[in-house]
Amino acid sequence: MPKPFHLAWFMNFSVDEWNAPFSAGGDPWTGEFYIDMAKAMERACFDYIMIEDTLMIADAYGDSMEAYLKYALMGPKGDPAPLAAMIANHTSKLGVVATLSTMAYPPFMLARLCSTLDSIAQGRFGWNIVTTGENHAARNFGMDELPPRQMRYDMADEYVALVKQLWDSWSPGAVVRDRATDTYVDHAKVKPIDFEGRFYKCRGPLNCVRSPQGRPTFVQAGGSPRGRQFAAETADSIIAAASGTKAMKEYRDDIRRRAAEAGRDPDDIKVFFIVTPVLAETEAMAKEKLAFYTSTEAFMVKVLAQISSVTDIDFSRFSLDEELPRMTTNGEQGSLEAFAQWGTGKTLRQLVADRATRGLDGIVGTPAAVARRLGEVMEEVGGDGFLITSPFQKVSRQYVTEICEGLVPELQRLGLARTSYGDAPMHLRDRLREF
Ligand SMILES: Cc1cc2nc3c(=O)[nH]c(=O)nc-3n(C[C@H](O)[C@H](O)[C@H](O)COP(=O)(O)O)c2cc1C
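Residues numbered from 1 in each chain as written. Predicted model: local features only at pLDDT ≥ 70, side-chain atom pairs only at ≥ 80, totals over all residues. Heavy atoms only, no water.

Named according to an unreviewed UniProt entry, the protein is FMN-dependent oxidoreductase (Nitrilotriacetate monooxygenase family) originating from Oharaeibacter diazotrophicus. Regarding the protein, the UniProt comment filed under Sequence similarities (unreviewed entry) reads as follows: "Belongs to the NtaA/SnaA/DszA monooxygenase family." (UniProt positions renumbered as here; feature names shortened; annotations may be inferred.)

Listed below in structure tokens is the structure:
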């Protein structure tokens, strides 16, 4: 029997696929649309739903906000924290991960928010730790530009050390609720932290109770060598974009090596790779669907605008029929490399076409065929799971159904996905370490 792998879903609190033939209309702001989505994932026994976030309206593509607002790319979006609370409230087993930036939140506020969300979610909350990669976001927080990546991660190291101390400022058992002595909290079990670092200073203690997990499950997505080091030292789960099985295996092996060198058990870190299956009743229909969504001028602009936004590089400047020059960015270096596929000789037009399937072959077809292919990929990579996201930028109920009621049952029949959560309540970190 093959080993099952983990499943998570990558989305954001943004506009749904509002004007395609099977659409929900583009008004998801009450959160109901995403609650429905999370319930479908829980029925399919996903490990977690992960809510992406950025903090600006971009204009990197063509030096204009037009493409971003016209196509509702990377915005408008709602704040992930209240949506995480709502999803947690409407589910009981699914993990809920929200993205919160170390650039944007004072550590005390983030620690309290995560602790509160973990209590609401009864131990199923995860924090996607990002340092933010866009200069415009930095400008929304009073800076002229982002600090360089090295410094962002140095700051994040210290930030994480601080918030961990805040989460530990309440010892387990501090809340005694002793009626006989009229004592709610045993004051001896709550301590200031008096943290003084290079970048942050905080007295503590936290002013909310210790959450079920003690600290949230840590999710991270470092792509650069410095980012990978941070992720390997910190994360319980890593989400990654890599083009093809070879790059996936290289990434995971590197993370596991770095984790072992840092004294961690590599099996305590579950790496999820982005995949974007395109499903239909027959392979020909799936290929036609892919062509229907990707052969338009608008798809080209959407992909280029999206990658421009997370790299602060204007991709409207490059010829579609030539290879991309090698470049670096102070933004998302890992995402740039996964997109550019340097060394393959592909033109920019081919890279855009690859974007729908993220450079992974064999994931356009029937649920049964794609399930078999994912099994092969996972065996080659070595583990641990897949992070599903829509191939066409936005998500519809139809796509969620195709995955949760088409692909997942096929994975389950092959013994490749969890068929039940079991009856006992479980914290997200333990759920990830189940296998
Ligand atoms: C699957 C995935 C999801 C990500 N989600 C976010 C996000 O929600 N917000 C954000 O600012 N960055 C996000 N990032 C960017 C990462 O935090 C990170 O900056 C990026 O992978 C580049 O790595 P580097 O920082 O080491 O260069 C994501 C990256 C990946 C691969």
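1. As for the site of the ligand
Within the structure, the ligand sits among 22 residues, and Glu-52, Asp-53, Tyr-153, Ala-221 and Ser-224 are positioned closest to it. Residue Ala-221 places a main-chain N or O atom 2.6 Å away from an oxygen atom belonging to the ligand. Within the contact set of the ligand, an oxygen atom lies 2.9 Å away from a backbone nitrogen or oxygen of Gly-223. Across the complex, the protein chains shield 94% of the 620 Å² of accessible surface that the ligand would expose by itself. Among the secondary structure elements, those contributing two or more residues to the shell around the ligand are β2 (48–52), β4 (125–130), α6 (149–167) and α11 (333–340). Considered class by class, the residues forming the shell around the ligand number nine nonpolar, nine polar and four charged. (Near = heavy atom within 4 Å. Polar contact = N/O pair within 3.5 Å; in protein donor to acceptor, adjacent residues only side chain to side chain. Areas by Shrake-Rupley, 256 points an atom, 1.4 Å probe, with all protein chains shown as cover. Helix = DSSP H or I, 4+ residues; strand = E, 2+ residues; numbered from the N terminus. Nonpolar A, V, L, I, M, F, W, Y, C, P; charged D, E, K, R; others polar.)

2. Digging into the sheet that holds strand β1 (residues 6–12)
The strands making up a sheet associate through backbone hydrogen bonding, with each pair oriented either parallel or antiparallel. Read around the closed barrel, eight strands run β1-β2-β3-β4-β9-β10-β11-β14, paired in parallel fashion. Here the strands of the sheet are splayed against their neighbours by 30° on average, with no regard to which way each runs. Of the pairings in the sheet, the one linking strand β10 (residues 237–240) to strand β11 (residues 270–275) comprises four bridges and is parallel in character. Within β11, the position partnered with Ile-239 by the bridge is Phe-272. Together, β3 (95–101) and β4 form the strand contacts of helix α4 (residues 107–120), whose direction differs from that of β4 by roughly 150°. The sheet contacts of helix α8 (residues 244–261) involve β10 and β11, and relative to β11 the element is tilted by about 160°. (Pairing = 2+ DSSP bridges. Axes fitted to C-alpha atoms, helices over the stretch in contact; angles between N-to-C directions. Contact = heavy atoms within 4.5 Å.)

3. Concerning the packing of aromatic side chains
Taken as a whole and assessed by the stated rule, the structure comprises 19 aromatic pairs. Seen from their ring centres, Trp-9 and Tyr-399 are 5.9 Å apart, and the 75° between their planes marks the pair as edge-to-face. One end of the pair, Trp-9, is in strand β1; the other, Tyr-399, is in helix α14 (residues 397–413), with 390 residues separating them in the sequence. Across this residue pair, the class does not change: Trp-9 and Tyr-399 are buried. Taking the centre distance of 6.0 Å and the plane angle of 40° together, the rings of Trp-167 and Phe-218 count as tilted. Taken together, the residues span a long stretch of sequence, with Trp-167 in helix α6 and Phe-218 in strand β9 (residues 217–220) at a distance of 51 residues. Taken individually, Trp-167 and Phe-218 each receive the classification buried, so the pair is uniform in this respect. Chaining the aromatic ring pairs together yields one cluster made of Trp-127, Tyr-159, Trp-167, Phe-199, Tyr-200 and Phe-218. (Phe/Tyr/Trp six-rings, centres within 6.5 Å; stacked < 30°, edge-to-face > 60°. Buried < 20%, exposed > 50% of the residue type's maximum accessible area, 1.4 Å probe, protein only.)

4. Remarks on the UniProt feature "binding site: FMN" (unreviewed entry) in the protein
According to UniProt, the feature "binding site: FMN" (unreviewed entry) maps to Asp-53, Thr-99, Tyr-153 and Ser-224 in the numbering used here. Dropping the residues within four chain positions of it, Asp-53 is found in contact with Lys-77, Gly-78, Pro-80 and Thr-99. The residue Ser-224 is located in the loop between β9 and α7 (225–234) in this model. Dropping the residues within four chain positions of it, Ser-224 is found in contact with Arg-149, Tyr-153, Gln-333 and Gly-334.

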